[in-house]
Every structure is written in structure tokens, then in C-alpha cells.
Amino acid sequence: MTTVADTRPTAPDPARPTPEVSEPAGTAPVVLPSLLAALVLVGLGVLGVQTALVAAGAVSGPAWLDPVLSALDTGLDRSAGTLVLGVVLGLLGLWLLARSVGRRPRPDYSLGAGTHAWTGPSDVARVASLVAADVDGVVTVRARARGRSLLLRVGAVDGADVGDRVRSEVEAATEGLEPRPRVRVRVSGGAR
Amino acid sequence: MTRSTLRTDRAVGLLLGLLLLAVGTLVVLWWARVLTGPERLTLAGADGLADTAWWPWAAGLGGLVLGALGLSWAAAHLRRVSVRSVSLDGSGEEGRLRLRLDALASAAADSAADRIAVESASGSVGSGPDAGLVEVRARVRHDATLEEVRRDLAAVDDEVALATDGQVPVRYRVHVARPPRDSATS
């Protein structure tokens, strides 16, 4: 019989649902070459600073940039090594381009629109193998999920025709996952 | 790592990739005599640079700049920017309502861990591209069906929505627990 509820500015019910979230994603492929390039920059910086220190007399020994300069001075001739260098540079460029436009990897399966929940390939494989192991006649199961493919290798007792049953059980257990796994079953030891 | 770092990475990667591809292609074409040019590709006189008076200064300054650039670029990948708290609707002159996301994360995880299908759960606050959202990692029982997991997490989500008036996005990561060894034959 209190009046507290009446002073609320808005009714608490029905609640607004939580906002949509983006699916979980891994590290962008471009990060690896970027870190390598940053490392190369630092290395070049070390070469330059060491050269300056040698000239100032603070450090003894030959300047590390000297061999670089003489290599530039010598240049490239038409040897096989030059061809290899050109090909390697080109391939490195292609690799860098591919990594730069690559999307962040999204290996996970959604539990369905609006659930805001995701699970990984190894978890889907675990669910599938646990379900498959409960089917009569199944002795061993190994499952692997990747993208749309869910592959089960089933070892069955001789004479048992378990393939179809395993498939339907696993399909029922993974119902509603997105992307929907296409279940394939390979039976060994059972009916052929 | 922030979105702007990622944009820089992509831009530099594209430019450097195009440059390397172009240089590599030119070297191969020159080698195959498709492109006419000198018998040797060389920066003649580079050797003499080491004897000039300005070379050590240029090398040292350039080295400092490149080194600082490389270090700050690498460090930008380690920076984790996150949102610590959000302002709730209903904040006004008479007071502000701020919700700490780490408190929400652990409350949501506790709520998840109380459900039948969930063995244990932990909550965290997103950073970088996930700044502003709460992530709950739930370890679900190995014998729970996906339908049970959906139902339990939906209940958690409803609680969070009620508590935050639907202002904070929550992402659930489901891990299926390893079955105990002796139950493998059940």
C-alpha cells in the first residue's frame, strides 16, 4: 500500500530490450604486417642513430649504415638474384594488399537472431559429439566444425546403421545456429 | 587498439602494398628487358654520402624520427580504449544516474551463473571496437541443450534490459563445458 510506484516517471514494464550487438570478431589481418612494419621502422631508426653516434665518437666501430650505402652504390645487375628479389617484393606487396583489405575473422556461430549469443566451432563440435555418442551403436565420435561444415567421424559396432540417426539427432541439437551447420557423417566399422 | 589505428593500418598497408607490388613488377620487367634502361640499377655516389659532414646529422635525426614513429605506431595497437560508465535516461538537473559497466558485467555474470544450464560465468567490459558493451562469458553444462541455453541467457538479458532500460548492449559468449570423463559412456 505504498505510493512509491506511482511517483515513477515511466512504467518499468514492458522493458526496452537490450540493443543489438555486433558479432564477436578476431584481430584484423592487417595488424600483423603493421606491427612488422613498425618493427622495421624502429630497426631503421636504430641504424641511423648508431651511425650518428659513431660519427660523434660516442660509439666505436664501423657505422651500420655504411654497408647499406655501398649496397645502394653497387646497385642491381641482371643476375638471377635480382629476379628473385623482384618477385619476392611483388609477392610481399600482394600479401600486404590482401591483408589490408581482409575483414576481421568471425568464426563463431550465432545462437539465433535476437539472442545476442555466440558460440565457437569447438563448442558446436562438442555438442555434436556428445549427442552422437548417445545414439545406440555408436562407439567413438570425432567431430569438427568449421563455417557451414560439421563433420562427424563415427565408429559404430558392426552391423549398426547409425549414419542417418546420428545426422538427424545432431541436426536437431544444432537447430537454430547461424550459419546453419551442414551435418555430414562418416561411419566406419558399421553397416556399409 | 582503436578504429583510427585500424584505419591507419589499412591505409599504410594498401599504399605500401601497391608500392612494393609496383617496384617488384618494375624490377622483373627491367630484368626481362621488357623495359629499356641502364645495365645496372644503382644509386651511384651513395657511398660518398658517408664522408659528407651532414650525413651523420641526417642519419641521427632521421633515425630518431623513424624510431619514435615506429614505437608509437606499435604502441597504438596496445592501447585499449573502453567506456567505463554510461549515463542513464532520467538523468537531469536534480542528479545524474551513471552506471558503471564493470559492475553491470559482474552482476550479469552472477545472474547467468545462477541459471540451470550455466555452470559458471564471468563478465567483462568491451574495449576497442567493442567499447561500450558488456560481454558475458558463460560456461554451459555439457548436457544442456541449446534451447535451454537460449532460454537462460534470454532471462539474463531481460534482467539487464530492465536494469538499464535497454541502454547497454550485452554480448554472450557460450562455451560448452567438457564432460566429466566417467560420463562418456552414459
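Since the model is a prediction, treat every value here as computed from it, not as a measurement.

A separate point is the overall build of chain A. The helix and strand inventory of chain A stands at 5 helices and 5 strands. Counting from the amino terminus, chain A carries its helices and strands in the arrangement α-α-α-β-β-α-β-β-α-β. For 192 residues, the compact-globule estimate of 2.2 N^0.38 gives 16 Å, and the C-alpha radius of gyration of chain A, at 30 Å, exceeds that figure by more than 25%. Dimensions of chain A, computed from the C-alpha atoms along their principal axes, are close to 80 × 75 × 30 Å. Within chain A, buried positions represent 36% of all 192 residues. Of the roughly 10800 Å² that chain A leaves accessible, carbon and sulfur atoms contribute 60%. The positive charge centre, built from 20 side chains, and the negative charge centre, built from 18, are 5 Å apart in chain A.

Interface size, as often reported, equals the accessible area lost upon joining of the parts. Once the domains are mapped, chain A shows domain 1 (31-101) and domain 2 (109-188). On a C-alpha basis, the centroid separation for the pair domain 1 of chain A and domain 2 of chain A is 51 Å.

Attention now goes to a positive patch on the surface. All names here are of chain A. Taken together, R142, R144, R146, R153, R182, R184 and R186 make up a surface patch of like positive charges. Broken down by secondary-structure element, the contributors of at least two residues to the positive patch are strand 3 (138-146) and strand 5 (182-188). The topology assignment puts R182 in strand 5.

This part covers the side chain of A:R78. In this fold, A:R78 is placed in the loop between helix 2 (65-74) and helix 3 (80-101). Take A:R78: its relative accessible area is 18%, and that puts it in the buried class. A distance of 3.1 Å separates a polar side-chain atom of A:R78 from the backbone oxygen of B:W30. Reaching out from A:R78, the side chain makes a polar contact with the backbone oxygen of B:W31 at a distance of 3.5 Å. Among all residues touching A:R78, those that are not within four sequence positions of it are B:W30, B:W31, B:R33, B:L35, B:P38 and B:E39.

What follows concerns a nonpolar patch on the surface. Residues and elements named next belong to chain A. A cluster of nonpolar side chains, L32, L36, L39, L92 and W95, forms an exposed patch at the surface whose accessible area comes to about 470 Å². Secondary-structure elements contributing two or more residues to the nonpolar patch are helix 1 (31-56) and helix 3. With 3 residues, helix 1 is the largest single contributor of residues to the nonpolar patch. In this structure, L32 sits in helix 1.

Attention now moves to unusual backbone geometry. In this structure, the amide linkage connecting A:E178 to the following residue, A:P179, adopts the cis form with an omega of 0°. The backbone phi angle of B:R33 is positive, close to 60°, even though this residue is not glycine. Structurally, B:R33 is set in the loop between helix 1 (3-31) and helix 2 (46-49). By relative accessible area, which is 51% here, B:R33 ends up exposed. A positive phi angle, near 55°, is found at B:D165, a position not held by glycine. Along the polypeptide, B:D165 turns up in the loop between helix 5 (146-164) and strand 5 (170-176).

Mapping B:A109 onto the fold places it in helix 4 (residues 101-113). By relative accessible area, B:A109 is classed as buried at 3%.

Bringing the sheet that holds strand 4 (residues 134-140) of chain B into the picture now. Here 5 strands make up an open sheet; going across it, the order is 1(A)-2(A)-5(B)-4(B)-3(B) and the pairing mixed. Looking at the sheet topology across the chains shown, the edges are occupied by strand 1 (109-110) of chain A together with strand 3 (118-125) of chain B. Looking at chain direction, strand 1 of chain A and strand 2 (residues 117-119) of chain A are connected through 2 bridges and run antiparallel. Looking across to strand 2 of chain A, one finds that A:Y109 is bridged to A:T119. Lying on the sheet, helix 4 (residues 121-133) of chain A is in contact with strand 1 and strand 2 of chain A together with strand 5 of chain B; it crosses strand 5 of chain B at an angle near 45°.

Criteria and cut-off values
- Residues numbered from 1 in each chain as written.
- Chains lettered and ligands numbered in written order.
- Predicted model: local features only at pLDDT ≥ 70, side-chain atom pairs only at ≥ 80, totals over all residues.
- Heavy atoms only, no water.
- Helix = DSSP H or I, 4+ residues; strand = E, 2+ residues; numbered from the N terminus.
- Rg over C-alpha atoms; globule rule 2.2 N^0.38 Å.
- Buried < 20%, exposed > 50% of the residue type's maximum accessible area, 1.4 Å probe, protein only.
- Areas by Shrake-Rupley, 256 points an atom, 1.4 Å probe, with all protein chains shown as cover.
- Lys, Arg positive; Asp, Glu negative; His and termini not counted.
- Charge placed at Lys NZ, Arg CZ, Asp CG, Glu CD.
- Domains from an automatic or database assignment.
- Patch = residues over 30% accessible without salt bridge, like charges linked within 9 Å, V, L, I, M, F, W, Y side chains within 5 Å.
- Salt bridge = Lys/Arg side-chain N within 4 Å of Asp/Glu carboxyl O.
- Polar contact = N/O pair within 3.5 Å; in protein donor to acceptor, adjacent residues only side chain to side chain.
- Contact = heavy atoms within 4.5 Å.
- Pairing = 2+ DSSP bridges.
- Axes fitted to C-alpha atoms, helices over the stretch in contact; angles between N-to-C directions.

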